[in-house]
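Close look at the chain arrangement
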Amino acid sequence: MRLYLINPSNSLVSIVRVRESHWNRYRVWKPLSLMALAGLTPPEAWDITIVDENLGAPDYPAMPRPDLVGITAFTSQAPRAYEVAAHFRRLGAPVVMGGIHATMCLDEVMEHVDSVVTWEAEGVWPQVLEDARHGCLKRRYDGGLAKIGDIPPARHDLLPARYAFGAVQTTRGCPLNCSFCSVTAFNGAHYRQRPIADVVREFQLIREKRVLVVDDNLVGTRPEHIARAKDLFRAMARANLKKEWVAQATINFADDEELLALAAKAGCRGVFIGFESPTPEGLRELGKKSNLLKGRDFRASVRSIQRHKILVVGSFILGLDVDEPGIGKRIAEAATQYGVDILNALFLTPLPGTRLWDQMRSAGRIVLDAFPEDWKYYTLTFPVARYKHLSPDGVIEEMISCDRSFYSMPRILRRMWGNLWGRRQLLISLVGNLSYRNNLRLNRKAYADFNRQRGQGQDSV
Ligand code: B12
Ligand code: SF4
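As the structure is a prediction and not an experimental result, all values here were calculated from the model.

1. Quick look at the pairing of strand β13 (residues 311-318)
The side chains of a regular strand alternate, residue by residue, between the two faces of the sheet. By the criterion of burial, β13 is predominantly enclosed, with seven of the eight residues buried. Note that strand β12 (residues 268-276) and β13 share six bridges and pair parallel. Each bridged residue has a counterpart across the sheet, and for isoleucine 273 the counterpart in β13 is glycine 314. Two elements, β13 and strand β14 (residues 342-347), share six bridges in a ladder whose sense is parallel. Within β14, the position partnered with glycine 314 by the bridge is leucine 343. With helix α12 (residues 327-338) bridging β13 and its parallel neighbour β14, the resulting β-α-β unit is right-handed.

Following this line, the structure appears as structure tokens:
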């Protein structure tokens with residue numbers, strides 16, 4: 001039986017535009033969802049091919065007809081997912097779709113595929129495969145939240161060796177439930193942890209030297225989470241994995257010297273932290289309670305992390321109700337003042353399933369709502385909603401001014417000097433900064449196309 005597992009691309013996502021900017025090559029990440037599904041698939045019964053369209057879409061008509069197609073999709077990938085599904089359904093091959101978009105927009109997805117798997121796949125995928133073998137796929141399977149104490153390792157051998165990073169997951173779920181984020185809605189508030197021995201074994205299966213740990217918060221928030229993270233890092237160091245990895249964490253990562261030292265010893269080279277807003281009002285609006293700790297000195301926290309030669313990528317959101325003209329520069333100033341190595345600023349975007357979606361939907365503030373086509377703009381890099389104090393053109397101008405200010409050549413050089421002086425991941429930081437700087441040009445073109453499509457004329461950016 002032949003199984004295709006497909007990760008559809010979205011040409012509006014700059015990281016896939018490798019030809020236009022070769023710096024983007026270094027940010028092509030592996031689709032772990034499909035590798036995890038492949039890990040749940042008996043290899044003796046199924047011949048599995050994973051197609052990641054981010055490496056380029058294959059010539060589907062030239063490929064042998066499959067017995068089953070599984071498609072994953074974030075919301076921004078949904079329009080392309082439906083095109084791919086339509087192709088295979090025309091051939092008579094059954095198509096099943098799963099992942100976050102299929103779960104949050106079930107009715108829409110049901111119109112485009114034969115079968116939908118909602119929530120996490122571990123509990124139901126073997127049944128889906130059996131039903132597909134017997135030609136009796138159900139319209140819907142509900143996977144619920146998996147017990148991740150005994151999941152098999154993902155198949156790290158199935159994709160070509162063309163990625164800058166391998167991928168692994170050690171925990172699922174987040175108790176913090178920020179208003180804009182779908183993680184708590186999808187993976188639950190309970191912080192579920194995989195057994196440390198399983199994680200270490202899985203690391204050993206990864207071919208790439210560099211690894212993205214996809215957890216939403218690798219260290220967690222409670223003392224027992226931190227203790228587990230320390231045990232994990234100790235086990236990784238003992239196993240002498242020889243990997244360098246990057247992960248996501250909340251700012252409390254900075255508060256424990258032993259944790260930082262163990263993370264660095266285990267191979268941590270970079271951490272992605274959501275600062276979200278430069279103001280307490282903004283943090284309150286987003287429900288980002290973890291950043292509101294009284295007396296928190298973000299600059300000192302960033303320094304503590306960097307002292308362990310770990311890069312800090314800071315993420316901010318632009319377009320909050322409290323944001324007024326000038327917010328772009330303000331975010332760039334805050335990120336510079338905190339001393340982050342790379343800034344990732346994104347538009348406030350209502351994603352289905354979040355509190356923000358409910359609020360904006362009921363207030364009639366979602367402007368791009370010709371679904372499913374408009375989902376392609378839900379990349380967080382386009383303003384899809386109405387922003388309280390910023391006009392549609394104004395919010396884009398703020399984003400351009402933010403990126404232009406943070407990624408000005410003098411500031412990049414100053415940061416590189418800091419990296420060199422602190423002997424801190426100079427090469428990764430340089431590639432990151434230059435790829436963001438390069439994308440400024442691509443983004444301007446993308447905004448102009450976006451405005452044209454909205455019928456506002458090209459000159460408005
Ligand atoms: C790693 C990651 C990335 C990587 C992507 C790597 C890749 N190619 O997959 C990078 C950094 C590139 C990325 C980019 C983006 N991401 Co992202 N990302 C994640 C993250 C942190 C982990 C995903 C992951 O690997 N999980 C591990 C796997 C095992 O879990 P899973 O994907 O959920 O898969 C399970 C189930 O969903 C299900 N399943 C999934 N697919 C399928 C398919 C079938 C057929 C079946 C049966 C089941 C099934 O089974 C799996 C096992 O249980 C998630 C947060 C999260 N916790 O999921 C955000 C997340 C998915 N990203 C998100 C967003 C918004 C984006 C961006 C649009 C914006 C941005 N700048 O971050 C971009 C755009 C990407 C694009 N191409 O359009 C949102 C998506 C929300 C939504 N409704 O779409 C999330 C949920 C984070 C959030 N804050 O809300 N992301
Ligand atoms: S933004 Fe981060 S801290 Fe907030 S709910 Fe999402 S994963 Fe948790």
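2. Some words on the site of ligand 2
Inspection of the region around ligand 2 gives Cys174, Leu176, Asn177, Cys178, Cys181, Val183, Thr184, Asp216, Asn217, Thr250 and Gly274 as its neighbouring residues. Class assignment of the residues belonging to the shell around ligand 2 gives a composition of five nonpolar, five polar and one charged.

3. Re the pairing of strand β10 (residues 210-213)
The pairing of strand β7 (residues 166-168) with β10 spans three bridges and is classified as parallel. If you follow glycine 166 over to β10, its bridge partner there is valine 211. By the bridge criterion, four bridges tie β10 to strand β11 (residues 244-249) in an arrangement that is parallel. Residue pairing in the sheet places valine 213 in a bridge with alanine 247 of β11.

4. A closer look at the packing of helix α8 (residues 223-238) against helix α9 (residues 257-266)
α9 packs onto α8 with a crossing angle of 30° between their chain directions and a minimal axis gap of 8 Å. In terms of orientation, α8 and α9 fall into the roughly parallel class. The handedness of the crossing between α8 and α9 comes out as left-handed. On α9, the residues touching Ile226, Ala229, Lys230, Phe233, Arg234, Met236 and Ala237 of α8 are Glu258, Leu259, Leu262, Ala263, Lys265 and Ala266. Counted by class, the contact of α8 with α9 contains nine nonpolar, no polar and four charged residues.

5. Things to note about the sheet that holds strand β6 (residues 140-142)
Whether parallel or antiparallel, the strands of a sheet pair through hydrogen bonds between backbone atoms. The six strands lie next to each other as β2-β1-β3-β4-β5-β6, forming an open sheet whose pairing is parallel. On the outer flanks of this sheet lie β2 (47-52) and β6, each paired with one strand and no other. Neighbouring strand axes in the sheet, compared pairwise and without regard to direction, differ in orientation by 20° on average. Looking at chain direction, strand β3 (residues 68-72) and strand β4 (residues 95-98) are connected through four bridges and run parallel. In the strand pairing of β4, isoleucine 71 is matched with methionine 97.

6. Notes on the site of ligand 1
Residues in close proximity to ligand 1 total 41 residues, the closest being Gly70, Thr72, Gly98, Gly99 and Ala121. Contributions of two or more residues to the shell around ligand 1 are made by α1 (32-39), β3, β4, α3 (100-104) and α6 (183-187). A total of four residues in the shell around ligand 1 trace back to one element, the largest contributor, which is α1. Tallied by class, the residues present in the shell around ligand 1 amount to 23 nonpolar, 15 polar and three charged.

Procedures and definitions
- Residues numbered from 1 in each chain as written.
- Chains lettered and ligands numbered in written order.
- Predicted model: local features only at pLDDT ≥ 70, side-chain atom pairs only at ≥ 80, totals over all residues.
- Buried ≥ 20, exposed ≤ 12 C-beta atoms within 10 Å, placed from the backbone.
- Helix = DSSP H or I, 4+ residues; strand = E, 2+ residues; numbered from the N terminus.
- Pairing = 2+ DSSP bridges.
- Right-handed = clockwise from strand over helix to strand, strands pointing away.
- Near = placed C-beta within 6 Å.
- Nonpolar A, V, L, I, M, F, W, Y, C, P; charged D, E, K, R; others polar.
- Axes fitted to C-alpha atoms, helices over the stretch in contact; angles between N-to-C directions.
- Parallel < 35°, antiparallel > 145°, perpendicular 65-115°, else oblique.
- Left-handed = near helix turned anticlockwise from the far one by under 90°.
- Contact = placed C-beta atoms within 7 Å.

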